[in-house]
Amino acid sequence: MTDPAAGRFAGRTALVTGASRGIGAAIAERLAAEGADVVITARTLDAGTRAAGTVSRSGGTLTDVLDRLLAYGGKAAAVAADLADPDDRLRIVPEATSALGRPVDILVNNAAANIARPPSEISARHRATMLEVNVLAPMDLTQAVIPGMRERGAGWIVNISSGSARPTPGPPFAAGRLMSGMGVYGTTKAALNRLTNAFAVELDGAGIRVNTLEPRGAVATEEALARGLDGVPKDRIEPVEAMAEAAAALCDCGPERSGLLHVSLDLLTELGLGIRALDGRNVNVT
């Protein structure tokens, strides 16, 4: 494993949401590989259990990811919580701070609820869930970490967004029902993009960078591969390592880069960065 003492994030603390699998787990590992002490949060702590005690059918758990993080030699902890529950999520930052022994330097709001339904058909419960997880939870967590970041004069906040936040071009609307079903989810991500910019404007001059990151195409997580990406053109698929590398770059950017919407592969090209394996060793992962 990479020596965490030699990494660019040595001495920094990070909190990553939605980190029991997929993009969140990859970002958490990439940060830990370069020395960060990392707290991960999601609903699923162990196989078969969630924060509220309900049965989980998820393909990943916080415990699985935590084992990988601890192998890098730094400090790591897991907080099982339901981001859709306003009361439950308010304990995440205090518990993360307690586990890390100091305030959070890096916040990655990755958790997302995506319930694909046309806007005329989506239920009040489903739209409320997406609003809570995709907009209000990142807002609450950001508000919770800002005081400590202000005191230290530095901080990095990365919100994971989606290309579905952009309006579908037309008419005619060639994407049809598929993009209609992503419309409410995309609306919440558009709100997250705007919220990111609003926080950046407020925090300008405080040393706190707030940015949004979205993938260029479909991300080849284990879950996505299990569902099948056969119908997706190869040039519209990117490895999960690309999102992790781009997120890591935004977790180490200067104060002049804030309030911006970044696309993963485009950002890496702009910065002249290759795609590294999650342990940071090999470059140009495909």
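See the structure above.
Residues numbered from 1 in each chain as written. Predicted model: local features only at pLDDT ≥ 70, side-chain atom pairs only at ≥ 80, totals over all residues. Heavy atoms only, no water.

A word on unusual backbone geometry
Trans peptide bonds make up most of the peptide bonds, and negative phi angles are found at most residues other than glycine.
Stage number 1. The residue after Gly170, namely Pro171, is reached through a cis peptide bond having omega -5°.
Stage number 2. Positionally, Pro171 belongs in the loop between strand 5 (155-160) and helix 6 (177-181).
Stage number 3. In this structure, Pro172 follows Pro171 across a cis peptide bond, with omega equal to 0°.
Stage number 4. Relative to the elements of secondary structure, Pro172 occurs in the loop between strand 5 and helix 6. (Helix = DSSP H or I, 4+ residues; strand = E, 2+ residues; numbered from the N terminus.)

Quick notes on helix 5 (residues 124-152)
Stage number 1. The terminal C-alpha atoms of helix 5 lie 41 Å apart, and with 29 residues this matches the ideal 42 Å at 1.5 Å per residue to within 8%.
Stage number 2. Along helix 5, the largest kink reaches about 40° and is centred on Leu136; proline Pro138 follows within four residues of it.
Stage number 3. Remark: Gly153 follows helix 5 within two positions and exhibits a positive phi of approximately 75°. (Expected span 1.5 Å × (residues − 1). Bend = angle between axes of the 7 residues up to and from the residue.)

Brief notes about the packing of aromatic side chains
Stage number 1. Following the criterion strictly, the structure yields 0 aromatic pairs and no others.
Stage number 2. For the cation-ring pair, Arg12 lies above Trp156, with the distance from its terminal atom to the ring centre recorded as 4.2 Å. (Phe/Tyr/Trp six-rings, centres within 6.5 Å; stacked < 30°, edge-to-face > 60°. Lys NZ or Arg CZ within 6 Å of the ring centre and 35° of its normal.)

Observations regarding the pattern of salt bridges
Stage number 1. Counted according to the given criterion, the structure contains 16 salt bridges.
Stage number 2. Asp88 serves as the salt-bridge partner of Arg91, at 2.7 Å between the closest nitrogen and oxygen.
Stage number 3. Accessibility expressed as a relative area gives 26% for Arg91, which makes it partly exposed.
Stage number 4. Glu202 serves as the salt-bridge partner of Arg150, at 3.7 Å between the closest nitrogen and oxygen. Of this pair, Arg150 sits in helix 5 while Glu202 is found in helix 7 (residues 183-203), placing the two residues 52 residues apart along the sequence. (Salt bridge = Lys/Arg side-chain N within 4 Å of Asp/Glu carboxyl O. Buried < 20%, exposed > 50% of the residue type's maximum accessible area, 1.4 Å probe, protein only.)

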